[in-house]
Amino acid sequence: MAGSAVLANYLLAGVRAATEDALVPDPKLLDRAKALLEKAPLIDTHNDLPSMLLETKAGDLTSFDMSKVQSTLCADIPRLREGRVGAQYWSVFIESATQRTHTSLHEALREFDVALRFIRSRPELEQARTADDIDRIHQSGRIACLLGVEGGHMIENSPAALRIFHELGARYMTLTHWDNVDWADSATDRPEHYGLTEFGERLVKEINRLGMFADISHVSADTMRDTLRVTRAPVIFSHSNAFAIDPHPRCVPDDVLRLMPNNGGVVHVNFIGAYVSPKNSEWQEKRTTAVKDLHARLDTDEAIAKGIADWEKANLPPRGTISDVADHIDHIRKVASVDHIGIGADFFEAVPDSMVFGLENVTRYPFLFAELLRRGYSDDDVLKIAGRNHLRAMRQMEKIAAELQKSEPPLITEGLRAKWRA
Ligand SMILES: [Zn+2]
């Protein structure tokens, strides 16, 4: 092991010990948080277990005993129980690069298949399609399972595919993932449409008519604003934080947060260090400077790649803490009110290095709520953030869909493919 890596590990161990000491909550607050989460129900709107099931054993569910802790996965029944999860949206996710090979829809169907087989494989789980289902399943002692499609590329410009996804149980679609789609811009791609195209607007309206949430995590700020302008129903951010606390393009700017009360939707905060820690942008700037320096000094791609890897080992990205996540929640409460906050942790890997200290896995939700109680949040606030805000928005979304279905025909026009992708 290189000297710098030994030093980095030593420092990391020190940071861990110090941070974990600071994160031990008052046992009374932790017990109160757990009791409230039993009641709530706690609804998490983003977990990538279906992708992990496909990646680790090609979707062979007989390889996993989900009634026991699975150290190679990001969720299992005992840990969901310990974390007091009442309802979970499992993410149907395929990389947006599949747009280039026109394999998005095919791969999405494999994700739906493994997610549905997983839900049906366990007596502790039941698929929910409505807010009433979530309440009923939670009251029966089982975990309600829903599906969310993470990226509009998966419909391949076809409202027919969108409707079939809804039939399979999808209750939100994130309009983009990391790359733009033909009808909407992503937060992490270059501006191309400057928001939604006219077809993008029609798709949002079809999402409204069907009875799904338009999910505006991952999209550009212009796409967020366009969606909020055209939607007839509450939207969600299934896993997004506040830009004012961590200025990452994936986070939500204040002018958009201010639109949430009028829309009735919910911003579900995530626990990924890069989208949480206020020190993240400073680290990104330092890394950019280091990479420029390496390019100036070194000749070969291999040497530069090794230089970047060494720099990252010696300069670990800031991970953030429970307290930082609570700061995002405080900020959204200040700008949009407590009625528009939810949880969408985004657990996606077995090793928790990307998640903030103290919220490493699905057992840890009560610790975040204990911190909110310590900050003076009321029992009612906790119930709202845990799940009742989501249920309120979902009931409103369902009611609007039922109305729209009486007066509007389905969208049958297929979208055109951009020339460069054709
Ligand atoms: Zn995501």
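These numbers were taken from a predicted model, which means no experiment stands behind them.

Engineer: Just checking my understanding: could you explain the nonpolar core for this structure?
Structural biologist: The nonpolar side chains of soluble globular proteins are, as a tendency, buried together. Counting 104 residues, the largest nonpolar core has Trp183, Phe271, Tyr365 and Phe369 as the members making the most contacts within it. Ignoring sequence-local partners within four residues, the contact set of Trp183 consists of Gly152, Ile155, Asn157, Met173, Leu175, His193, Gly195, Leu196, Thr197, Phe199, Gly200 and Leu203. By size, the runner-up hydrophobic cluster in this structure holds 20 residues, among which are Ala128, Leu146, Ala233 and Val266.

Engineer: Help me out: how do you make sense of the pattern of salt bridges in this one?
Structural biologist: When the charged atoms of two side chains lie near each other, side chains of opposite charge can form a pair. Evaluation of the coordinates by the stated rule reveals 30 salt bridges. Between Arg122 and Glu124 there is a salt bridge; the shortest N-O distance is 2.9 Å. Glu124 matches Arg122 in its accessibility class, with the two residues each being buried. Across the pair Arg375 and Asp330 runs a salt bridge whose closest N-O atoms are separated by 2.8 Å. With Arg375 in the loop between α16 (365–374) and α17 (379–407) and Asp330 in helix α15 (residues 322–336), the pair connects residues that are 45 residues apart, well separated along the chain.

Engineer: Explain the coordination of the zinc ion here, please?
Structural biologist: As a benchmark, a tetrahedral metal site with four donors has ideal angles of 109.5 degrees, while an octahedral site with six donors has ideal angles of 90 or 180 degrees. All of the protein donors around the zinc ion are Glu150 (OE), His218 (NE2) and His239 (NE2); their distances to the metal are 2.0 to 2.2 Å. Written as a sequence motif, the donor arrangement for the zinc ion is E-x67-H-x20-H. One end of the pair, His218, is in the loop between β6 (213–215) and α9 (221–230); the other, His239, is in the loop between β7 (236–237) and α10 (254–257), and 21 residues separate them in sequence. Taken individually, His218 and His239 each receive the classification buried, so the pair is uniform in this respect.

Engineer: Explanation requested: the pairing of strand β2 (residues 85–92) in the structure shown.
Structural biologist: Successive residues of a regular strand alternate their side chains across the two faces of the sheet. By the criterion of burial, β2 is predominantly enclosed, with eight of the eight residues buried. The pairing of strand β1 (residues 42–47) with β2 spans four bridges and is parallel. Bridge pairing in β2 places Asp44 opposite Gln88.

Engineer: Looking at this structure, how should I read the packing of aromatic side chains?
Structural biologist: Centre-to-centre distance and the angle between the planes together describe a pair of aromatic rings. Tallied over the entire structure, the rule returns seven aromatic pairs. Here the aromatic rings of Trp90 and Phe118 are separated by 5.5 Å at their centres, their planes lie at 85°, and the arrangement is edge-to-face. One end of the pair, Trp90, is in strand β2; the other, Phe118, is in helix α5 (residues 104–120), with 28 residues separating them in the sequence. Each member of the pair, Trp90 as well as Phe118, is classed as buried.

Engineer: Explain the environment of Phe112 to me, please; I cannot follow it from the model alone.
Structural biologist: Along the polypeptide, Phe112 turns up in helix α5. Put simply, Phe112 and Leu37 are 75 residues apart on the chain and 28 Å apart in space, counted from C-alpha to C-alpha. Once residues within four sequence positions are removed from consideration, Phe112 is found in contact with Val92, Leu147, Val149, Phe165, Leu168 and Ala170.

Criteria and cut-off values
Residues numbered from 1 in each chain as written. Predicted model: local features only at pLDDT ≥ 70, side-chain atom pairs only at ≥ 80, totals over all residues. Heavy atoms only, no water. Core = buried A, V, L, I, M, F, W, Y, C linked by side-chain atoms within 4.5 Å. Buried < 20%, exposed > 50% of the residue type's maximum accessible area, 1.4 Å probe, protein only. Contact = heavy atoms within 4.5 Å. Salt bridge = Lys/Arg side-chain N within 4 Å of Asp/Glu carboxyl O. Helix = DSSP H or I, 4+ residues; strand = E, 2+ residues; numbered from the N terminus. Donors = N, O, S within 2.8 Å, 3.2 Å for Na, K, Ca; no water. Pairing = 2+ DSSP bridges. Phe/Tyr/Trp six-rings, centres within 6.5 Å; stacked < 30°, edge-to-face > 60°.

Shape descriptors only; they carry no functional weight alone.
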